[in-house]
Amino acid sequence: MSYPPQTSPPAATVPDILIGAKKAPASTPAPAKIPSITGVGLKSDHYRDILDASPGENTEAGWFEIHAENYMGEGGAPHAYLSAIRERFPLSIHGVGLSLGSNGPLDDAHLKRLKGLVERYRPGLISEHLAWCSAGGTFFNDLFPVPLTHETLRKVGDHINQTQDYLSRRILIENPSTYLKTVDDEMSEPEFLELLCERTGCGILLDLNNVAVSCANKAENTADYLAHFPGADVGEIHLAGHSIDKGHDWELRIDDHGSRVSQEVWALFGTFCERWGPRPTLIEWDTDVPAFPVLLEEAGKARDIMQNAAAFGPLMGNAHAVTR
Ligand SMILES: [Fe+2]
């Protein structure tokens with residue numbers, strides 16, 4: 001899917017105390033494992049909702065996730081707000097532009113900017129996609145799928161190793177939303193991700209909306225997908241909404257992150273939590289972003305499902321997120 005850049009808030013809304021803050025304040029906490037609670041994707045529309053809340057309010061949003069590329073500039077209001085939010089909450093940095101699935105080398109300048117963000121904000125989680133979005137120096141505003149082959153496994157594995165070595169941090173890799181079957185596939189997506197974890201020590205960001213979208217578009221079964229998924233490697237879960245495009249004799253699910261989580265995805269989330277236990281879980285909403293309370297409602301639903309599952313304990317006996 002495409003991830004539109006965030007719009008900056010009007011300068012007049014930036015608190016005077018924050019204007020000019022170019023570095024994380026000395027009080028920025030050290031990286032901490034994000035617990036298995038609910039978080040919300042951070043949008044500039046909601047900066048004030050978050051910062052103006054009293055302690056004990058908005059408890060459904062226990063942490064926030066940013067798109068790394070929205071904060072790769074040096075200063076300004078976005079960093080001022082993010083620094084203030086980071087002082088109060090754990091943070092996850094989710095990259096959308098590293099292009100781990102590219103044939104060519106990683107962009108050193110992009111990697112350097114990512115490392116700068118990681119050092120500045122000390123996130124509890126860092127993630128990227130099993131996808132490519134650049135070729136020959138040209139960047140695209142989409143995440144394209146990779147063929148699930150042994151050659152891709154080697155190539156993406158090398159890029160993940162390079163990234164983890166450079167950041168000195170483990171990263172999570174997100175399963176993509178896809179729209180077509182790749183004829184060259186030599187293995188299933190769960191198998192590919194499991195091998196990737198074995199070879200690199202990375203973890204998985206399991207996007208359950210992407211599972212629903214991809215399986216529907218490729219006429220595959222979501223239960224089969226989850227039954228073969230390496231759940232112990234999952235360090236974070238994404239929940240989002242999608243739209244459905246319909247023609248006379250066809251239907252395509254579009255991963256647009258512009259609506260509430262579908263009933264099908266809630267059911268998949270319940271299945272995962274019952275089987276593997278809860279994980280840090282994020283509500284993603286990137287287009288037609290609603291008022292902050294709507295995101296809190298969605299996060300509250302996720303929290304209820306996680307708590308119900310936790311009450312019985314995971315069937316697979318692995319309730320711990322694989323973050324470090
Ligand atoms: Fe996602």
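Residues numbered from 1 in each chain as written. Predicted model: local features only at pLDDT ≥ 70, side-chain atom pairs only at ≥ 80, totals over all residues.

Draft legend 1. A look at the overall build of the chain. A count of helical and extended segments in the chain gives 9 helices and 12 strands. Buried positions account for 43% of the 324 residues belonging to the chain. A sequence separation of at least 24 residues applies to 83% of the contacts in the chain between residues at least 6 apart. (Helix = DSSP H or I, 4+ residues; strand = E, 2+ residues; numbered from the N terminus. Buried ≥ 20, exposed ≤ 12 C-beta atoms within 10 Å, placed from the backbone. Contact = placed C-beta atoms within 7 Å.)

Draft legend 2. Expanded view of the environment of Gln162. Within the element layout of this structure, Gln162 appears in helix H4 (residues 150–167). Residue Gln162 is classed as partly exposed on the basis of its C-beta count, with 16 C-beta atoms lying within 10 Å. Residues Gln162 and Leu111, 51 residues apart in the sequence, show an inter-C-alpha distance of 9.7 Å.

Draft legend 3. Fine view of the sheet that holds strand E3 (residues 91–94). Spatially, the 8 strands close up into a barrel ordered E1-E2-E3-E4-E7-E8-E9-E12, and their pairing is parallel. Averaged over all pairs of adjacent strands, the angle between their axes in this sheet comes to 30°, without regard to strand direction. Here 3 bridges tie strand E9 (residues 234–239) to strand E12 (residues 281–283), and the two strands are oriented parallel to one another. In the sheet register, Leu239 faces E12, and the bridge partner there is Ile283. (Pairing = 2+ DSSP bridges. Axes fitted to C-alpha atoms, helices over the stretch in contact; angles between N-to-C directions.)

Draft legend 4. Inspection of the nonpolar core at higher detail. Ile173, Leu196, Leu208, Leu239 and Phe269 are the most contacted members of the largest nonpolar core, which has 71 residues in total. Take this core: its biggest share by element is 7 residues, from helix H9 (residues 292–312). In this view, Leu208 contacts Ile237, His238, Leu239, Val265, Leu268, Phe269 and Phe272; residues no more than four positions away in its chain are not counted. (Core = buried A, V, L, I, M, F, W, Y, C linked by C-beta atoms within 7 Å.)

Draft legend 5. Representation of the pairing of strand E1 (residues 38–41) within the structure. Two strands pair when backbone bridges link them, and E1 and E12 are joined in this way by 3 bridges, in the parallel orientation. Looking across to E12, one finds that Gly39 is bridged to Leu282. Summarising the sheet, E1 and strand E2 (residues 64–67) pair through 2 bridges and their orientation is parallel. Along E2, the bridge assignment pairs Gly41 with Glu65.

Draft legend 6. Here's a closer look at the pairing of E3. Residue alternation in E3 divides its side chains into two sets, Leu91 and Ile93 and Ser92 and His94, and both sets are buried. Examined bridge by bridge, E2 and E3 share 4 bridges and lie parallel to one another. Within E3, the residue paired with His67 across the bridge is His94. Viewed along the sheet, the connection from E2 through helix H2 (residues 77–88) into E3 turns out right-handed. Of the pairings in the sheet, the one linking E3 to strand E4 (residues 125–129) comprises 3 bridges and is parallel in character. Across the sheet, the residue bridging to Ile93 is Ile126, located in E4. Handedness of the crossover joining E3 and E4 through helix H3 (residues 108–121): right-handed. (Right-handed = clockwise from strand over helix to strand, strands pointing away.)

Draft legend 7. Layout of H3. The terminal C-alpha atoms of H3 lie 20 Å apart, and with 14 residues this matches the ideal 20 Å at 1.5 Å per residue to within 8%. By the burial criterion, the buried members of H3 are Leu114, Leu117, Val118 and Tyr121. Along the axis of H3, the buried positions cluster into a sector of 100°, meaning they face one direction only. Exposed positions of H3 whose direction lies more than 90 degrees from the buried face are Asp108, Ala109, Lys112 and Glu119. Close packing links the buried residues of H3 with H2, E3, E4 and H4. In the segment just after H3, Arg122 is the residue with positive phi, at about 50°. (Expected span 1.5 Å × (residues − 1). Arc of directions from axis to C-beta.)

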